[in-house]
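Per-entry structural report
If you want the building blocks of each chain, they are given just below.
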Amino acid sequence: MRKLSLLKRKEPLSDTQLLMTITIGIFFVMYILAMILLGGGFLHAQQLFDMLNDNASLIIVSCGLTIVMIGGGIDISVGAVTSLTVMSCALYLNSGGSLIASMLIAIGIGLAFGLVQGFLISYLEIQPFIVTLAGMFFARGMTTILSVNPQKANHKAFAALREKKIKIDALGYRAKNGNLVPGTIEIGVVVAIVCVILVFLLLKNIRLGRNIYAMGGNQQSALMLGINVKRTRFMSYLISGLLSGVAGYVFLMHTGAGNATNAAGMEMNAIASAIIGGTLLTGGVGNVIGTFFGTLSLTTIKKIVVSSGLNAPWWQSITTGGMLCFFILLQSVVLGRRAKKKKT
Amino acid sequence: MQEECLLTMRRIDKRFPGVLALNGVDFTLRAGEIHALMGENGAGKSTLIKVLTGVYQMDGGEIRVEGERIAIHSPQDAQNKGISTVYQEITLCPNLTVAENMFIGRDGGAWVRQRELERRADALLTRLGIPARSTQLLGSCSLAVQQMVAIARAVDMKCKVLILDEPTSSLDEKEVQRLFDLMRDLKSRGVGIIFVTHFLDQVYEVSDRITVLRNGELVGEYLTEELPQLQLVSKMIGKELEELSYLGETEEKKTASAETFYEAEGLSSSDALPFDFSIRKGEVNGFTGLLGSGRSESVRAIFGADKVTGGTVRVNGKPAKILRPIDAMKHGIGYLAEDRKRDGIIAELSVRENIILALQVMNGMFRPISRSESEAFADEYIKVLNIKTASRETPVGSLSGGNQQKVILARWLLTHPDYLILDEPTRGIDVGTKLEIQKLVLKLAEEGVSVTFISSEVEEMLRTCSRLIVMRDRHVVGELTGKDLNQTQVMKTIAGGEA
Amino acid sequence: MKKNGRKLSFAGLGQLTIPLIAIALLVVFNLIRDPGFFSIGISHNNNGNAVLSGNIISIINGASELAVLAMGMTLVTAACGGQDISVGAAAAIAGSVFVKVLKAGASITAGTVILAFLCSCLVAMIFGMFNGTLVAVFRIQPMIATLILYTCGRSVAYWINGGATPTVSSPIVTGIGSFIPGIPIPTPVIIVAVTAILFKLLFRFTALGLFTQSVGINGSAARLNGINEKFIKLLSFVILGVCVSIAGCIGVSRLGLINHETLLIDIEMDTILAVAIGGNNLGGGKFKLSGSIIGAYVIQMLTITLYAMKVSSTDVKAYKAVVIILLVVIGSPVIKERFAGWAARLRGRSKKVSVKGAEE
């Protein structure tokens, strides 16, 4: 394995790799600085675990969105679909349904949205922004039609599933009363990481994934190379929908309740994660590992803001905006310089 | 007709709204031959190719490969049936690696075995002598190499018919030779190659047979060795040679006045190396050289189209600062860009709006040209330049290439420029319009307008220009006037044969 | 001139077909459902003024902010080939500035209101310039560039408000938000009309329309013809900034308070939708302002119709989505092509086709 990676080194970093490396680098620098300067929670592994626990569904959604964005599209329905899934599954579980069926419902809702949106975008050639905007409206509306009030999932098997957590004593820490609090990772995180790995493999080693890159890089060329662009695009939205469904279930496992305002603004957080991770909206460039670290960076900055005593409620999103601005400008400058270099 | 017919196309028809692009065209390709498909722009070459590769669906006729009648529904379909194409503009994905570009979009399992593909790609690249690594990003290769990768892809697909559409237009001499070696190599393996180009020398160097199209119809099929170059040209343009030289005989090249209009010293831009240049009032001069020799970049620097990095400029004897196009326009300079689609027309706007654009810009944002005024301008120039359009409100994108070019010419003429730079104004337009444009240039010069004319066709420049500036490798290597203005001398200077 | 005018309106109808059909359908639907739906009456509001009332008035009135924003958005879309998704957040900022300045003075007079509006305008233009710089100079896609302000704009508004939701009570502000005594037409409607006229004058007396379309269709060619591409893009964002400020001030005046969380919430999506329903290409280029304005009224009409059908305000979105999809599916080139093909072959079948397309 090592030899192979050394061999690969021969090639200069591609845009994808370069942007991703920058993001990962900045994340680690940020985290280490937080450990040194702020200490406190950042010194415990649990801080990282919490970040993952809280954002497992966001990571999954971002994975799907990254696929769509690499293909040169956009899907802003992801947050709403997640929310709809959460509510539907909560209601279904409360009506006494089975655990497996609830999972199937989650996947089914995601696939249904992916199917319809993908069809409209790829085969009827309607602008993706409009289609997924309508999808977002529809999902949000359906969520409130299902229930305006929060629905706590009172389901035995589900509660048992929620309770299943990975506990690692070695990464725990001593609470003030001296008890050992083991490092806790929720199942959702495992699902999220599996999703990241699967999407990574899909994009790297599966024909469909490479076709998505080709399509995003130059649609006309992709067509000329004999790629079925319509089907490829359709599949990208289908996968994004599917992952939104999965994210919904993970969200429900995390919160245990459905709420009309669930996952509000998640689509924009997902887009931000993807962008910070080095995915370009123009398509053809991006990587799901970058997106994963994009989500973590986004979360870390919020945690840092809270820990450093900027308690006023506006600071979190202002710093998030600032960070987004920084990354967007960085990308613009880095890619701009590269383009110039290539020319001469 | 003893040879085995690899590909036969019979009575191919293709209709576009309002145009019959192909009218009962026959084409035959034999195994192991290089067959040049010739014709002026608009003759139907690219339409025929696109029918063959499934980009367009034909309206009538039949296609047979190895005697078997086939229908081609899409580019992918064509590939699967052994017909591969390498287009003029690169149609690969720059954001993927060389190996991926060679294997993507082809049948195979869902799982991409990257290592194996890279090994196979490397083997093939070495065999064909293509200087690229399989793991390299395609975007980091030169255009020539990208083109060769496209050919390698076709070769690996075991194509029977390989179509090369203007493959040499962006290559230098050495790269062209390498490409020809590759073509001969493939020919010896029994591949039938359709070679589309506008370089006549190359046709004679490499092809075995020539098919000529004109106005969407077949003129004929000839063995290359039996068709002299001059005859080929007259078959392509459908005019006798005397007619061609008509312009040169009747129009006397006027010697311009001695007054210098524009003068640049050490002018350079982000894309052009420093050069000196001057033009007198009413003079027609030209930049010549191969594609990529820096001729376009130089005139772009004059117009301020690229970032100007240095040099002093004098217009009418007074120092001038021309850093952006608007500066040049204010000094009475107009520029017709090389790439009409990308830099010229605003496709979705009407003919009228396209014509008044430059004048409007010069008037400024706050002095809009009134509707009735702009209509009068448009009508005037549609008549003067004989622009064929349904109405002045027709989107310019729906006009033919020649008429689009005339609209842009009208745009600049409307500003009443003192100096007009025309970069390849005759590219991709029919012969009739070409002559019209050449005449117009001479007429403008008579009226005292300075013109710089660039054309790939040296003959055209010899007919219009009284002075030629020759460029090679981004440097000015010579200046020809008077009796030096002849094809041989120009070619010699371009090729570097001057003393 | 007259002949040309007719030609223009004919050419324009192509683009306006879908929104006009949508309005017609909604009108017919409402008339069938409730023949009195569009009746206009005169009622007396709390101040005892005679004012127009009725569903049609509330539609036209309610769409005011949307219509103003849609006009600005059309320009940005045309020039940059992308959309500004930060208009809602920017409007919250503009509204906050408006209130802040109003509250700074001792009393609220017409003068302070104008001053406050100008201040909010200035701030909104500065934010517009920020977005515009990212798009024009750094060449970032508009949606990504404006994502920054979208993320943090409402928090900035909250910060300006000092962590509260201050109220303003003044007859002048109320007048802007509802009715000016003696005038039976809602003030926001008048503001929209004035804005539309200003836009019309802007296009009449400058070449902005031609330049914007040139930049949007072919930036490279526009540049080589001497158009300052960056300036045009920047300008479109600054003009949108003015629209944002107008919309924000209307929104604040309606309620008499600034709530950074709820002021014009989700309006960015509706705005983009209005532009799209108006038949404008979201990829930039040619545009028609009237289309976007009609688009805004289509959206509002739909909303009011749904309200009238006792659909709760939170559920409206779902129905809206269905109608939007119907509209864009009918308008999609593929369906049109198929439709034309089928219609040519079998005239009787054409009806089924549209129904099938709708289901999908």
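None of these values were measured; they are calculated from a predicted model.

Brief notes about the overall build of chain C
- Helix and strand counts for chain C stand at 16 helices and two strands.
- In terms of overall size, chain C behaves like a compact globule, its C-alpha atoms giving a radius of gyration of 21 Å where 360 residues would be expected to give roughly 21 Å.
- Counting over 360 residues, chain C shows a buried share of 52%.

Description of the overall build of chain A
- Within chain A, the regular secondary structure consists of 14 helices and four strands.
- Viewed in the frame of its principal axes, chain A has a C-alpha envelope of about 65 × 50 × 45 Å.
- Across the 344 residues of chain A, 51% fall into the buried class.
- Within chain A, contacts between residues separated by at least 24 positions form 77% of all contacts whose residues are at least 6 apart in sequence.

Let's talk about the interface of chain B and chain A
- Chain B puts 21 residues into the contact, and the matching count from chain A is 22 residues.
- Among the residues making up the side of chain B that touches chain A, the classes are represented as ten nonpolar, nine polar and two charged.

Comments concerning the interface of chain C and chain A
- The interface is formed by 40 residues belonging to chain C together with 38 residues belonging to chain A.
- Elements with a contribution of two residues or more to the side of chain C that touches chain A: helix H6 (142-160), helix H12 (267-277), helix H14 (316-331) and helix H15 (333-345) of chain C.
- The leading source of residues in the side of chain C that touches chain A is H6 of chain C, at 13 residues.
- In terms of residue class, the side of chain C that touches chain A is built from 29 nonpolar, six polar and five charged.

Description of the sheet that holds strand E6 (residues 83-86) of chain B
Residue and element names in this part refer to chain B.
- Taken in spatial order, the six strands make up an open sheet running E6-E7-E8-E3-E9-E10, and their pairing is mixed. A strand with exactly one partner marks an edge of an open sheet, and here the two such strands are E6 and strand E10 (217-223). If you compare each strand with its neighbour and ignore which way they point, the axes differ by 20° on average.
- Where E6 lies against strand E7 (residues 161-165), four bridges are found, and the strand directions are parallel. Looking at the pairing, Ile-83 lines up with Val-161 of E7.
- Across the sheet, helix H5 (residues 143-156) touches E6 and E7, and the angle it forms with E6 is around 175°.
- Here helix H6 (residues 173-188) sits on the sheet and contacts strand E3 (34-38), E7 and strand E8 (192-196); the angle it forms with E8, its principal contact strand, is near 150°.

Details of helix H16 (residues 401-414) of chain B
- Compared with an ideal rise of 1.5 Å per residue, which puts 14 residues at 20 Å, H16 of chain B spans 20 Å between its outermost C-alpha atoms and is within 8% of the ideal.
- In terms of burial, H16 of chain B is a largely internal element, 13 of the 14 residues being buried.

Things to note about unusual backbone geometry
- Within the chain, His-416 of chain B stands out as a residue other than glycine whose phi angle is a positive 50°.
- Mapped onto the fold, His-416 of chain B is located in the loop between H16 and strand E17 (419-423).
- Its identity is not glycine, yet Asp-266 of chain C carries a phi of approximately 65°, on the positive side.
- With respect to the element layout, Asp-266 of chain C can be found in the loop between helix H11 (229-255) and H12.

Structural notes on the environment of Glu-447 of chain B
All names here are of chain B.
- Looking at where Glu-447 falls in the secondary structure, it is placed in the loop between helix H17 (431-446) and strand E18 (450-454).
- Judged by C-beta crowding, with 7 C-beta atoms within 10 Å, Glu-447 ranks as exposed.
- Distance from Glu-447 to Leu-48, taken between C-alpha atoms, is 43 Å for residues 399 residues apart in sequence.

A look at the nonpolar core
- Counting residues in hydrophobic clusters, the biggest one holds 359 residues, and the most contacted among them are Ile-60 of chain A, Val-149 of chain B together with Ile-93 of chain C.
- Per element, the largest residue contribution to this core is 15 residues, and it comes from H11 of chain C.
- Residues in contact with Ile-93 of chain C, not counting those within four places in the same chain, are Val-123, Ala-124, Phe-127, Gly-153, Val-156, Ala-157 and Ile-160 of chain C.

Thoughts on the packing of helix H8 (residues 187-205) of chain A against helix H9 (residues 207-217) of chain A
Residue and element names in this part refer to chain A.
- The geometry of H8 relative to H9 is characterised by a closest axis approach of 5 Å and an angle of 70° between their N-to-C directions. Considering the angle they form, H8 stands roughly perpendicular to H9. Crossing geometry of H8 relative to H9 is assigned as right-handed. Mapping the contact onto sequence places Leu-202, Leu-203 and Lys-204 in H8 and Leu-208, Gly-209 and Ile-212 in H9.

Concerning the sheet that holds strand E13 (residues 284-288) of chain B
All names here are of chain B.
- Spatial ordering of the open sheet is given by E16-E17-E18-E13-E19-E20, a layout of six strands whose pairing is mixed. Two strands bound the open sheet, and with one partner strand each, they are strand E16 (333-336) and strand E20 (475-481). Ignoring strand direction, the axes of neighbouring strands in this sheet form an average angle of 15°.
- Strand direction decides the pairing type here: E17 and E18, joined by five bridges, are parallel. If you follow Leu-422 over to E18, its bridge partner there is Phe-453.

A short note on the domain arrangement of chain C
All names here are of chain C.
- As assigned here, chain C comprises domain 1 (2-310) and domain 2 (315-360).
- Each of domain 1 and domain 2 has a C-alpha centre, and these two points are 29 Å apart.
- Contacts between the two partners involve seven residues from domain 1 and, on the opposite side, eight residues from domain 2.
- Secondary structure elements with two or more residues in the side of domain 1 that touches domain 2: helix H1 (2-33), H12 and helix H13 (289-308).
- With three residues, H13 is the single largest residue contributor to the side of domain 1 that touches domain 2.
- For the side of domain 1 that touches domain 2, the per-class residue count stands at six nonpolar, one polar and no charged.

Observations regarding helix H12 (residues 266-276) of chain A
- Most of H12 of chain A is tucked away: ten of the eleven residues are buried.
- All buried positions along H12 of chain A are accounted for by Met-266, Glu-267, Asn-269, Ala-270, Ile-271, Ala-272, Ser-273, Ala-274, Ile-275 and Ile-276 of chain A.

What about the confidence of the model for chain C?
All names here are of chain C.
- Averaged over all residues, the pLDDT of chain C is 86; the fraction at 70 or higher stands at 92%.
- Segment residues 1-12 is flagged for pLDDT under 50; beyond a separation of four residues in sequence, or across chains, it makes four contacts in the model.
- This stretch, residues 349-360, has a pLDDT under 50; its non-local contacts, to residues over four places away or in other chains, come to 16 contacts.
- Quick note on the complex model: pTM equals 0.83, ipTM equals 0.82.

Overview of the confidence of the model for chain A
- Residues with a pLDDT of 70 or more make up 95% of chain A, whose mean pLDDT is 87.
- Within the model, pLDDT remains below 50 along residues 1-9 of chain A, and this stretch shows one contact once partners closer than five positions in the same chain are excluded.

Side note on the pairing of E18 of chain B
Residue and element names in this part refer to chain B.
- Burial within E18 is extensive, with five of its five residues counted as buried.
- Across the two faces of E18 the burial is the same, with Ser-450, Thr-452 and Ile-454 and Val-451 and Phe-453 all buried.
- Sheet analysis places E13 next to E18, joined by four bridges and oriented parallel. Note on E18: the bridge partner recorded for Phe-287 is Ile-454.

Description of the environment of Gly-64 of chain A
Residue and element names in this part refer to chain A.
- In this structure, Gly-64 sits in helix H3 (residues 45-70).
- The spatial distance from the C-alpha of Gly-64 to the C-alpha of Gln-220 is 24 Å, given a sequence separation of 156 residues.
- If sequence neighbours within four positions are ignored, Gly-64 has contacts with Val-78, Ile-239, Ser-240, Leu-243 and Ser-244.

Regarding the packing of helix H4 (residues 87-104) of chain C against H6 of chain C
Residues and elements named next belong to chain C.
- Packing of H4 against H6 brings their axes to within 7 Å, and their N-to-C directions diverge by 15°. Relative to H6, the element H4 lies roughly parallel. Crossing geometry of H4 relative to H6 is assigned as left-handed. Seen from H4, the contacting residues are Ala-89, Ala-90, Ala-92, Ile-93, Ser-96, Val-97 and Lys-100; seen from H6, they are Leu-149, Tyr-150, Gly-153, Arg-154, Val-156, Ala-157 and Ile-160.
- Residue classes in the contact of H4 with H6 are distributed as ten nonpolar, two polar and two charged.

Cut-offs applied
- Residues numbered from 1 in each chain as written.
- Chains lettered and ligands numbered in written order.
- Predicted model: local features only at pLDDT ≥ 70, side-chain atom pairs only at ≥ 80, totals over all residues.
- Helix = DSSP H or I, 4+ residues; strand = E, 2+ residues; numbered from the N terminus.
- Rg over C-alpha atoms; globule rule 2.2 N^0.38 Å.
- Buried ≥ 20, exposed ≤ 12 C-beta atoms within 10 Å, placed from the backbone.
- Contact = placed C-beta atoms within 7 Å.
- Nonpolar A, V, L, I, M, F, W, Y, C, P; charged D, E, K, R; others polar.
- Pairing = 2+ DSSP bridges.
- Axes fitted to C-alpha atoms, helices over the stretch in contact; angles between N-to-C directions.
- Expected span 1.5 Å × (residues − 1).
- Core = buried A, V, L, I, M, F, W, Y, C linked by C-beta atoms within 7 Å.
- Parallel < 35°, antiparallel > 145°, perpendicular 65-115°, else oblique.
- Left-handed = near helix turned anticlockwise from the far one by under 90°.
- Domains from an automatic or database assignment.
- pLDDT = per-residue confidence, 0-100.

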